[in-house]
Amino acid sequence: MEGIKHDKDKPLIADFIRDFKEPLLELCKIYEFGRNKYGLGNWQQLENGQERFDNALMRHFLKEGLDDETNVSHVAHVAFNALMVLWYDLHK
């Protein structure tokens, strides 16, 4: 007898995480820095959060190398802020 699992059209999250392990770890560094600095979930409570994270994204987009405060690349900060903007977009 063969087992049944109805997951044909579900996202392959484990594969995604394996393929993007290093970039995701960089995003985690930024998340943890912000959580320690501002508190857990603070980013979800911001007034005009989507606009503010969009502006942060653009500030990091214009820079190169490592961010002075986090020591993580500005490219990772762009991706992280894009994730925050996307979260706000999905939660309108």
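As shown above, the structure is provided for reference.
Residues numbered from 1 in each chain as written. Predicted model: local features only at pLDDT ≥ 70, side-chain atom pairs only at ≥ 80, totals over all residues. Heavy atoms only, no water.

## Some points on the layout of surface pockets
Quick note on the threshold: Cavity and pocket criteria rest on a 1 Å grid covering protein atoms alone: a 1.4 Å probe that fits but cannot get out defines a cavity, protein on both sides within 12 Å along at least 5 of 7 lines defines an open pocket, and an atom within 4 Å of a point defines a lining residue. Grid points are joined across faces, edges and corners, and a volume is the space filled by probe spheres set on the points. For the purposes of this entry, the term helix denotes a DSSP run of H or I that reaches at least four residues, the term strand denotes a run of E that reaches at least two, and both are numbered from the N terminus.
Its boundaries defined by the atoms lining it, the largest pocket holds a volume of some 710 Å³. Around the largest pocket sit 27 residues that line it, and Gly-34, Tyr-38, Phe-53, Ala-56 and Asn-81 are the ones nearest its centre. Breaking the lining of the largest pocket down by element, the ones donating at least two residues are α2 (21-38), α3 (49-61) and α4 (74-90). For the lining of the largest pocket, the element with the highest residue contribution is α2, accounting for 7 residues.

## Re a nonpolar patch on the surface
What counts, and what does not: Here the term patch refers to residues with relative accessible area over 30% and no salt bridge, with like charges joined within 9 Å and nonpolar side chains (Val, Leu, Ile, Met, Phe, Trp, Tyr) within 5 Å. Methods summary: accessible areas were calculated by the Shrake-Rupley approach with a probe of 1.4 Å, and residue burial reflects only the protein chains presented. Here, a salt bridge means any Lys or Arg side-chain nitrogen found within 4 Å of an Asp or Glu carboxyl oxygen.
Residues Ile-13, Phe-16, Ile-17 and Phe-20 make up a contiguous nonpolar surface patch of about 400 Å² in total accessible area. Of note, Phe-16 is situated in helix α1 (residues 13-19).

## Remarks on the pattern of salt bridges
Just so we agree on the cut-off: Type-normalised accessible area, obtained with a 1.4 Å probe on protein chains alone, sets the label of each residue: buried when under 20%, exposed when over 50%, and partly exposed for intermediate values.
One pass over the structure, following the stated rule, counts 4 salt bridges. For Asp-15, the salt bridge is made with Arg-18, and the minimal N-O distance between the two is 2.8 Å. Placement of both Asp-15 and Arg-18 in helix α1 is noted, with a separation of 3 residues, approximately one turn of the helix. On the basis of relative accessible area, Asp-15 is assigned to the partly exposed category, the value being 35%. In this structure Arg-18 comes out as exposed when scored by relative accessible area, which is 57%. In this structure, Glu-69 engages Lys-37 in a salt bridge whose closest nitrogen and oxygen atoms are separated by 2.6 Å. Taken as a pair, Glu-69 in the loop between α3 and α4 and Lys-37 in helix α2 lie far apart in primary sequence, 32 residues in all. Given a relative accessible area of 41%, Lys-37 falls into the partly exposed group.

Structural measurements only, silent on function.
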